[in-house]
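Coordinate inspection notes
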Amino acid sequence: QPQCQKIVPISKDEYCYKHPEQKLGHTLSYTQRFIIDVIFGKNGVRKTIIKYVGERGYCKKCSRSYSPATLRQFGKQQLYGYNYKAWIVFQRIQTQLPYEKIIETISEIIGDEGNWSYTHTFIKEFSEIYVETENLIIQNLLKSPFIHADETPLNIRGTTQYAWVFTDGKYVVFKLTE
């Protein structure tokens, strides 16, 4: 088991998520998840490991016990927290570091031997998280009496792609197209 810096107790769910009318009983069985995350401070960034612990609830209708919803939201394979993922996405998008350099930086700064394939996954995950925000920005742009647009061709693995920027001076949205 990894050495954790913080333990977060999670309450048992009150009702079964498959049978919303059925209250869950106590099991005295606990489940846990370890999440690697980072903490940003005025002097830099540091790694933290958080242990989430919660009692499983028992549903009489299902004859099954369930982990708390808060723990289920992590997914079975999730290992990294929101700040960790955001930091990696920032390094790739804002500073335009190559994947290999990001992993090297993570290894040097917080001692985590990550996998560069996670970087791509994190970017995709964040794009899905912020799709609603992007739609709100587009709605505001469309209300504007003017929109400035520009496109720049990029060579991505031998294929020409176009990076588009649309702005009204207040809102900005970027698009990548063939």
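The written sequence of each chain sets the order in which its residues are numbered from 1. Reporting in this predicted model follows two pLDDT cut-offs: at least 70 for local features of residues, and 80 or more for side-chain atom pairs to be given and counted; totals over whole chains, interfaces and linings ignore these cut-offs and use all residues. Side-chain numbers here rest on the full set of heavy atoms in the structure, without hydrogens or water.

1. Focus on a nonpolar patch on the surface
Here a patch means residues that are over 30% exposed by relative accessible area and free of salt bridges, tied together within 9 Å if like-charged and within 5 Å if nonpolar (Val, Leu, Ile, Met, Phe, Trp, Tyr). Per-residue and other accessible areas were derived by the Shrake-Rupley procedure at a 1.4 Å probe size, with only the shown protein chains allowed to occlude residues. A pairing counts as a salt bridge when a side-chain nitrogen of Lys or Arg comes within 4 Å of a carboxyl oxygen of Asp or Glu. Residues Tyr 82, Ile 129 and Tyr 130 make up a contiguous nonpolar surface patch of roughly 290 Å² in combined accessible area. Runs of H or I in DSSP of at least four residues are treated as helices and runs of E of at least two as strands, each being numbered from the N terminus. Checked against the element boundaries, Ile 129 lands in helix H4 (residues 116-129).

2. Concerning the sheet that holds strand S7 (residues 172-177)
One requirement defines pairing of two strands: DSSP has to find at least two bridges between them. Reading across the sheet, the three strands line up as S5-S6-S7 and stay open at both edges, with antiparallel pairing between neighbours. The open sheet has two edge strands, strand S5 (148-156) and S7, and neither has a second partner. When the angles between neighbouring strand axes are averaged without regard to direction, this sheet yields 20 degrees. In this structure, S5 lies alongside strand S6 (residues 159-167), joined through nine bridges in antiparallel fashion. Residue pairing in the sheet places Ala 149 in a bridge with Phe 166 of S6. In what follows, a contact means two residues having at least one pair of non-hydrogen atoms within 4.5 Å. To define axes, lines are fitted to C-alpha atoms, for helices over the stretch in contact only, and angles between the resulting N-to-C directions are given on a 0 to 180 degree scale. Running over the sheet, helix H5 (residues 131-143) touches S6 and S7 and is turned about 110 degrees from S7.

3. Structural notes on the environment of Ile 103
Looking at the element boundaries, Ile 103 is found in helix H3 (residues 99-110). Put simply, Ile 103 and Ile 88 are 15 residues apart on the chain and 8.8 Å apart in space, counted from C-alpha to C-alpha.

4. Brief notes about the environment of Asn 140
Mapping Asn 140 onto the fold places it in helix H5. Only protein chains enter the accessibility calculation, which uses a 1.4 Å probe; a residue is then buried when its area is under 20% of its type maximum, exposed when over 50%, and partly exposed in between. Judged by relative accessible area, Asn 140 falls into the partly exposed class, the value being 24%. C-alpha of Asn 140 to C-alpha of Lys 12: the two residues are 128 residues apart in sequence and 41 Å apart in space. Setting aside its immediate chain neighbours within four residues, Asn 140 contacts Asp 168 and Tyr 171.

5. Some remarks on the side chain of Thr 48
Within the secondary structure layout, Thr 48 lies in strand S3 (residues 44-59). Residues contacting Thr 48, with those up to four places away along its chain left out, are Gln 5, Ile 35, Ile 36, Asp 37, Val 38 and Ile 39.

6. Comments concerning unusual backbone geometry
In this structure, Ser 63 is a non-glycine residue whose phi angle is positive, near 55 degrees. By the secondary structure assignment, Ser 63 is in the loop between S3 and strand S4 (64-66). The phi dihedral of Gln 96 falls on the positive side, at around 60 degrees, and the residue is not glycine.

Purely geometric stuff here, so don't read any function into it on its own.
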